[in-house]
Amino acid sequence: MKIDSDIESYTSSTEINTEWMDNIPTYEESPLVPDLGEGEIDHSLMQHYSYKYMCQGNFTSPVKKENLKKCLEIGYGSGIWMMEMASEYPNCNFYGIDIQPKTPDSTFPNNCEFIKDNVKKGIPFPDETFDFVYLRMTMIYIESNKWKPVISEIFRVLKKGGWVEFLETDMTFKSSGKILKSIMKFWIDMFEAKKIDPKLTRQLGTILSETGFINVLNKKYSLPIGSWAGTLGKIRSQSLDIWLYVTADISYKNLGFDTKEEYLKHIENLETEYSEFKPYGDQYIAYGQKPLN
């Protein structure tokens, strides 16, 4: 794991058609991309384990574990974070909100409650309900002008002295080769067309402070991708492979390929490219505490 304070970006002259995105439902109807089925669950699980490896646990904020009675996860996806936390903290009740949940139908800890809802319309809980609120790869799917209202809602439902923690990405890679650059430019263009600026993740600490949080930390982790980097790099490579496979129907034409098969064959070269360029991707953790007074 490499922690780096420098921000590096890249530019490309490649033109990508984004007109097709006009037919994607609004966030109120679905996430930015369509339901990707079981493949998205696999991606979510691989992503979970890479971030758990990065954080050396399921969270990094200095929450007093004995104070955990009620926790909320916003954008719980597969539910893996909630279920692991619920097993580790059986005396704490965990609640999750997601607009397109993919949790198991029946097998999960008794202290978990999964709710289908849209956080942009508000958090459906009273003031000062939770000791801890957690979000991971969630803000990246919310329009940038909605970030401050959502964070204000989090502030409202936290108890005094409670903590919030975010883990997000700005979708940038250092030292990336041509294939990875073109793929990431496509996704960044798609997000920006939906009025989502991935670079805003770099400012999460500032937004938390402006909202009224104290003891704020905003830290960048530059994580390797590819088998050249050992266990963490392999996990991240597998996670991205799954994502690229399950989103191939969305991306192959916009990346200039005539067929999906041609695109999938092309991205098989990513591992060779990783070994040559040794890329790192940037992830950001930001947390803050609601004041006691």
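Going by the structure above, here's the rest.
Residues numbered from 1 in each chain as written. Predicted model: local features only at pLDDT ≥ 70, side-chain atom pairs only at ≥ 80, totals over all residues. Heavy atoms only, no water.

**A few points about the side chain of Ser176**
Threshold: Segments assigned H or I by DSSP are reported as helices when at least four residues long, segments assigned E as strands when at least two residues long, and all are numbered from the N terminus. In what follows, residue pairs with any heavy atoms lying within 4.5 Å of each other are defined as contacts.
Within the secondary structure, Ser176 is located in the loop between strand 5 (158-174) and helix 4 (178-193). The contact partners of Ser176, leaving out residues within four places of it in the chain, are Lys181, Phe277 and Pro279.

**Overview of the packing of helix 4 against helix 9 (residues 270-277)**
In a pair of packed helices, the angle between the axes and the distance between the axes together describe the arrangement. Applicable threshold: A fitted line through C-alpha atoms represents every axis, and for helices the fit uses only the stretch in contact; the resulting angles, taken between N-to-C directions, go from 0 to 180 degrees. Should an angle fall under 35 degrees it is taken as roughly parallel, and over 145 as roughly antiparallel, whereas 65 to 115 is taken as roughly perpendicular and any remaining angle as oblique. Any residue that is not Ala, Val, Leu, Ile, Met, Phe, Trp, Tyr, Cys, Pro, Asp, Glu, Lys or Arg is counted as polar, Gly included; the first ten are nonpolar and the last four charged.
With their axes 8 Å apart at the nearest point, helix 4 and helix 9 run at an angle of 110 degrees to one another. With respect to helix 9, the element helix 4 is oriented roughly perpendicular. Contacts between helix 4 and helix 9 involve Lys178, Ile179, Leu180 and Ile183 on the former and, on the latter, Leu270, Glu273 and Tyr274. Class assignment of the residues belonging to the contact of helix 4 with helix 9 gives a composition of five nonpolar, no polar and two charged.

**Quick word on the sheet that holds strand 2 (residues 93-98)**
The strands making up a sheet are joined through hydrogen bonds of the backbone, oriented either antiparallel or parallel. Test applied: DSSP calls a pair of strands paired once it identifies at least 2 bridges connecting them.
With respect to topology, seven strands assemble into an open sheet ordered 3-2-1-4-5-7-6, the strand pairing being mixed. The open sheet is flanked by strand 3 (112-116) and strand 6 (214-224), the only strands paired with a single partner. Neighbour to neighbour, the strand axes of the sheet diverge by 15 degrees on average, direction disregarded.

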